[in-house]
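# Remarks on the overall topology
Residues per chain are reported as follows:
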Amino acid sequence: MATMWLHHQIDRFNAAYAAALDEKRYNDWPDFFLPDGHYQVQARENFDRGLPLALIALESQGMMKDRVHGITQTIYHGPYHMRHVVSPAQVLSVTADDAGEVVQAQAHYAVFRTKPGDVSEVFNVGRYIDTFVRGADGTLKLRARRCVYDSEMVLNSLIYPV
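So, a few notes on the structure that sits alongside this text. (Residues numbered from 1 in each chain as written. Predicted model: local features only at pLDDT ≥ 70, side-chain atom pairs only at ≥ 80, totals over all residues. Heavy atoms only, no water.)

### Focus: the pattern of salt bridges
- For the structure shown, the criterion picks out 10 salt bridges.
- Between arginine 145 and aspartate 130 there is a salt bridge; the shortest N-O distance is 2.7 Å. Taken as a pair, arginine 145 in strand β7 (residues 140-149) and aspartate 130 in strand β6 (residues 120-134) lie far apart in primary sequence, 15 residues in all.
- One network of salt bridges, in which partners are shared, links Glu23, Arg25 and Asp28. (Salt bridge = Lys/Arg side-chain N within 4 Å of Asp/Glu carboxyl O. Helix = DSSP H or I, 4+ residues; strand = E, 2+ residues; numbered from the N terminus.)

In structure tokens form, the structure reads like this:
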């Protein structure tokens, strides 16, 4: 039962994460992470080869908040809507450290993009490779989320979090 409950909690977390992004609540995005949380968007080719190059590599909530400021205040681009579809999570391991329960998990994702007056298109597809920490209050936060995308090319530029 504990394993099923953990899967359910991660799936609810991922649903809330996707909803925040799809509803353009970008100011909520850093709150899914610990203060020293890491967020990375990396090509599968680099990930598979163990190469560190990533399109986006943020190392704290502060860097994520800077990204949000850029998205909402300074970047100009043609408008579009995003829709995330996230698979059920696969829990890979559960351990403990000084911060609490540490869960390694992954889930597959697909992000669709729709420009006003246009058809929807596949924007980005890959998997989330996550390290969650369950704090004393029982909530899950991301210590790290690596978005490993399968495409060799990303449409236009990557503006919003995946």
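### Considering a nonpolar patch on the surface
- On the surface, Val85, Phe112 and Val122 cluster together to form a nonpolar patch covering roughly 240 Å² of accessible area.
- Take phenylalanine 112: its relative accessible area is 31%, and that puts it in the partly exposed class. (Patch = residues over 30% accessible without salt bridge, like charges linked within 9 Å, V, L, I, M, F, W, Y side chains within 5 Å. Areas by Shrake-Rupley, 256 points an atom, 1.4 Å probe, with all protein chains shown as cover. Buried < 20%, exposed > 50% of the residue type's maximum accessible area, 1.4 Å probe, protein only.)

### Some remarks on the nonpolar core
- In terms of nonpolar packing, the biggest core is built from 37 residues, with Tyr17, Trp29, Tyr39 and Val162 touching the most fellow members.
- If you list the elements that add at least two residues to this core, you get α1 (2-22), β1 (33-43), β2 (56-58), α3 (61-74), β5 (100-114), β6 and β7.
- A per-element tally of this core places α1 first, with six residues. (Core = buried A, V, L, I, M, F, W, Y, C linked by side-chain atoms within 4.5 Å.)

### A word on the environment of arginine 83
- Along the chain, arginine 83 turns up in strand β3 (residues 81-86).
- The spatial distance from the C-alpha of arginine 83 to the C-alpha of proline 35 is 26 Å, given a sequence separation of 48 residues.
- Setting aside its immediate chain neighbours within four residues, arginine 83 contacts Asp22, Ala110, Val111 and Phe112. (Contact = heavy atoms within 4.5 Å.)

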